[in-house]
Every structure is written in structure tokens, then in C-alpha cells.
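One letter stands for each residue in the lines below.
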Amino acid sequence: MGGVSTPHVLLGLLAGGSRHGYELKRAHDERLPRARPLAFGQVYATLGRLERDGLVAAAGQDRVGGPDRTAYALTDQGRVTLDQWLSTVEAPMPYVASTLFAKVVVALLVADVDRARSYLIAQRAAHTARLRELTTVKGDPAATLSDVVAADFAIAHLDADLRWLHATLGRVADWHREVHP
Amino acid sequence: MTQLQARGVVRAYGPTPALRGVTLEVAEGEIVAVTGPSGCGKSTLLHCLAGILRPDVGEVTWRGHRIDTWSEAARSRLRRTEFGVLFQFGQLVAELTAAENVALPLLLAGTGRREARTAALTWLERFGVAEVADVRPGEMSGGQQQRCATARALVTEPRVLFADEPTGALDTLTGEQVLTQLVRLAREQRTAVVLVTHEPRIAAYADREIVLRDGLVDHTGLGLDVPLAGGAR
Ligand SMILES: Nc1ncnc2c1ncn2[C@@H]1O[C@H](COP(=O)(O)OP(=O)(O)OP(=O)(O)O)[C@@H](O)[C@H]1O
Ligand SMILES: [Mg+2]
């Protein structure tokens, strides 16, 4: 589930005041638990582009040195850009772009029902295992609401995928007949 | 340790086969999800295990005693003492308040009035519905009714709770709160749970999942790995 706009998230993390690159990375990983952790290189590259576009500006430097010594602050233009992003409703699934779906299609094209079915079954087992893992995360007494809400997002999507995997297993034979009349 | 066991259970409704030879075990304190497509026999299995229905063939044993041959009175006593039952729609007694509903299983088991009421209030509190203690089901929301029904099913601290789609009528968040609390309390008092559901996210709370298909346990553990007859859409 990709497509998160890291530049906008970084702008958001700067809205409360200027921060160094490493502080941004830490704040990102803390605020978005279970997201893919940001690499430092990615933070600095993104900050560089944001600075070039006038959305952030260097706000002082500790001693001398590399980019990690520079603190960045949101510019007025950056604030407008952030506000626009927050006000924009995301297009709800404009394309059916899922590797799961594409794999079944290709399996039916290049192989047969059994190939598609064994993929669906294996994928369902993997999804079920991950669903259980995340359910355990949520049940941990030490889990914060951030952890719970993040896990919930993944759980709801895995649950939806699982329903699709179930339904598709029930239809794959008919679907194959449609693909290879 | 195995507490509850079904061996070769077959059950039909007239000409309609519902279970075609189900064998399974439930250990002490274990939480088992029973899943599978609609009509595969989940509810029938639950009713057979709980001693509500009698199998046509096969046996159900509880702590080594065969219970399916017991009289209705004996099975009903077992359900009052060792088992708890919870359905999709709470099935509270309409004439009784929430507290009276929850106290009922204790009163039937011979607990004194005052003690039963105290326990009922504690259990209502645990499920976050203390405020409806003196309200009748007709004036409660579906979610409140289901929380009361869950409290009632656990108040006797049964050894096994049989729950058939217990969160089926609730919204996602309410369903989850009820289930989380149910699972937590069941684990605390080592109550085994047989949880019938068709929702993957609900089954994920269990220790183990048993998949039924056309009245049989699907031992692939995954179900649906053979073509559906007629390619049902
Ligand atoms: N009281 C009844 N009389 C006749 N047939 C019944 C009765 N109850 C269930 N059946 C049939 O027995 C089979 C199994 O039903 P059961 O209710 O156990 O399925 P289930 O898995 O619980 O389904 P669902 O997910 O829809 O609740 C079905 O074919 C059903 O039509
Ligand atoms: Mg049922």
C-alpha cells in the first residue's frame, strides 16, 4: 500500500517548528508506526527538493558540517502547500492496481486454474498469518493508540484482501473458462 | 488437555445433510474459531458440541463423558453449569432488566439474589454497560444488548463458551471492543471458546481455526482448495 507523499508528511512534521533531518526521521517513524522507516538519505534528499522549491528554508546551522547539522523550517509557501494537501480528497482507488490481482490474471494466461488456485491459497495463508500477527500487536497491553490505529489500517485491508481471495477461489474455474473460451 | 471432543458427528435436518462426519477436539482454555462458507454446518456443529442438538451418528464427549446420549435435563444442566452460549442476537429475556438477565444463570444455579445481582453488576461493568443495569432490552441499543448477552454468557465462569457470530450484528469498532473483552476475560478465567464466524479479522483472535466445508472439516486448514461443484459464483 504505497503512494504516501513523503514530502507532504515532512512538511507536516515541520509545521510545529524547525527540525533537523535526524529529528524529522525520528518523528516520522514515531508518528507513523509500522510505516516503512524513512532512510536518512531519503530525508535529506527530500529536504533538498523542498528547499529548492521554496517550501522549506534552512533555519540555522549547528557549527559547521553536513546536512545533518542544518535545521529546516516551513516557509509560507510550504504552509500553503501543506494546507492544500490536507484539503484534497484522495481519489478512491482510481485503478485496480494490485499485484495480487495481476498475479491471478497472469497465472490464468500463462498456466491453468491449478496454478492460479495454488497461488491464491498460498497468498491467503500468508495474509491470514499477517492478520493474526497484527491482531496480537493490537492486543498487547503496551500498545499505544497510534499502534492500534496503524495496525487497524493494515487489518482492515488484509481483511478485505482475504474476502477477495476467498471469493476469487470460488470463481477462478469460471473465470478461467472466460479467459480461455 | 482435551476437554471437549466430537467424533464422527453426522447430523441432518430431514433430507438435508448438515454435518457429514466431523471430528475435532477443544483443549482447556483454548480459543477455536470455526469458519467456512454459509451453510457449511458451523451452527449445527456448535449446537451439537453444546448439547443443544443430538448427532444422528457419532459422539460428543466432555471431559471423557459421552454427553450426546444424556437426557435433555442432564444436558441442560451441563449448559447451565459448565457451558455458556452466545448468539448473534443476544436473545435477552425481554421482561427482565439487564442486571436481571445477567443474574439469571446464577439464580438458576442456586446463587442467592443479592450475590447474583452484585456479580451481574460487575460483569455489566466489565463490558462497559453498567449504565443500563436497570433497563429492559427493548430500550437498549443492539450493541448494549449484545454486551449484556456476553456478560450473561460469562457470568457463571463457564468452562466453554459457545459463541455463534457474536459480533455479527455490531459495527466494526463495537464488535471489536466486545470481542477483545470477551477474549481477554476468557483467557483470564481459562474459559475455552468455540467462536463461529465468517469474518477473517474475527477468526484472527483465536488460537486455532477450523474450516468447515460441506459438513466436513477441511484438513487443508484453508478450505476451498477443490473446485466448487457447479462453479458457484
Ligand atoms: N432447522 C433447520 N431445518 C432444515 N435445514 C436446516 C436447519 N438448520 C440448518 N439447516 C441446513 O443445514 C445446513 C447447515 O446449516 P448451518 O446453519 O449449520 O450452517 P452455517 O454454517 O451455520 O451457515 P451460516 O453461515 O449461513 O449461518 C444448511 O444446508 C442449512 O440449510
Ligand atoms: Mg450459522
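Residues numbered from 1 in each chain as written. Chains lettered and ligands numbered in written order. Predicted model: local features only at pLDDT ≥ 70, side-chain atom pairs only at ≥ 80, totals over all residues. Heavy atoms only, no water.

*Asks:* Residues and numbers for the packing of aromatic side chains, please.
*Replies:* Tallying each qualifying case throughout the model produces five aromatic pairs over all chains. Here the aromatic rings of Trp-62 of chain B and Phe-83 of chain B are separated by 5.1 Å at their centres, their planes lie at 85 degrees, and the arrangement is edge-to-face. Taken as a pair, Trp-62 of chain B in strand β4 (residues 57–62) and Phe-83 of chain B in strand β6 (residues 83–86) lie far apart in primary sequence, 21 residues in all. With respect to class, Trp-62 of chain B is no different from Phe-83 of chain B; both count as buried. Among the aromatic side chains, those forming a connected cluster through ring pairs are Phe-101, Trp-164 and Trp-175 of chain A. If you follow Lys-25 of chain A out to its NZ or CZ, it ends over the ring of Phe-40 of chain A, 5.7 Å from the centre. In this structure, Arg-126 of chain B is placed above the aromatic ring of Trp-123 of chain B, and the distance from its NZ or CZ to the ring centre is 4.5 Å. (Phe/Tyr/Trp six-rings, centres within 6.5 Å; stacked < 30°, edge-to-face > 60°. Helix = DSSP H or I, 4+ residues; strand = E, 2+ residues; numbered from the N terminus. Buried < 20%, exposed > 50% of the residue type's maximum accessible area, 1.4 Å probe, protein only. Lys NZ or Arg CZ within 6 Å of the ring centre and 35° of its normal.)

*Asks:* Which residues make up the site of ligand 1, and what values do they have?
*Replies:* Residue and element names in this part refer to chain B. Every residue near ligand 1 is listed here: Tyr-13, Thr-16, Ala-18, Ser-38, Gly-39, Cys-40, Gly-41, Lys-42, Ser-43 and Thr-44. In this structure, Lys-42 approaches ligand 1 through a side-chain N or O atom, which is 2.7 Å from an oxygen atom. Burial of ligand 1 by the surrounding chains reaches 57%, relative to a free accessible area of 630 Å². Mapped onto the shell around ligand 1, the elements with two or more residues apiece are β2 (16–27) and α1 (42–49). Among the elements that take part in the shell around ligand 1, α1 stands out by supplying three residues, more than any other. (Near = heavy atom within 4 Å. Polar contact = N/O pair within 3.5 Å; in protein donor to acceptor, adjacent residues only side chain to side chain. Areas by Shrake-Rupley, 256 points an atom, 1.4 Å probe, with all protein chains shown as cover.)

*Asks:* Talk me through unusual backbone geometry; I want residue IDs and the actual numbers.
*Replies:* The phi dihedral of Met-93 of chain A is positive, around 45 degrees, even though this residue is not glycine. With respect to the helices, strands and loops of the structure, Met-93 of chain A is situated in the loop between α4 (76–87) and α5 (99–110). One non-glycine residue, Arg-63 of chain B, lies in the positive phi region at around 50 degrees. Inspection of the secondary structure puts Arg-63 of chain B in the loop between β4 and β5 (65–66). Note on Arg-63 of chain B: relative accessible area 37%, which makes it partly exposed.

*Asks:* Can you lay out the sheet that holds strand β7 (residues 160–164) of chain B for me, pointing to particular residues and giving the numbers?
*Replies:* Whenever strands of a sheet pair, they do so through backbone hydrogen bonds, lying parallel or antiparallel. Residues and elements named next belong to chain B. Pairing within the open sheet is mixed, and its six strands lie in the order β6-β7-β8-β3-β9-β10. Unpaired on one side and paired on the other, β6 and β10 (216–217) mark the two borders of the sheet. Here β7 pairs with strand β8 (residues 192–196) via five bridges, running parallel. Bridge assignment links Leu-161 to a residue of β8, and that residue is Val-193. Most of the contacts of helix α6 (residues 172–188) go to β8, to which it runs at about 150 degrees, and overall it touches β3 (31–35), β6, β7 and β8. (Pairing = 2+ DSSP bridges. Contact = heavy atoms within 4.5 Å. Axes fitted to C-alpha atoms, helices over the stretch in contact; angles between N-to-C directions.)

*Asks:* Quick rundown of the packing of helix α3 (residues 98–108) of chain B against helix α5 (residues 142–154) of chain B? Include the residues and the values.
*Replies:* Packed helix pairs are specified by the crossing angle of their axes together with the interaxial distance, meaning the distance between the axes. Residue and element names in this part refer to chain B. It is at 7 Å that the axes of α3 and α5 come closest, and there the two elements cross at 25 degrees. As the angle between them shows, α3 and α5 are arranged roughly parallel. Crossing of α3 against α5: the hand is right-handed. Along the contact surface, α3 presents Ala-98, Asn-101, Val-102 and Pro-105, while α5 presents Cys-148, Ala-151 and Arg-152. Looking at side-chain class alone, the contact of α3 with α5 contains five nonpolar, one polar and one charged residues. (Parallel < 35°, antiparallel > 145°, perpendicular 65-115°, else oblique. Left-handed = near helix turned anticlockwise from the far one by under 90°. Nonpolar A, V, L, I, M, F, W, Y, C, P; charged D, E, K, R; others polar.)

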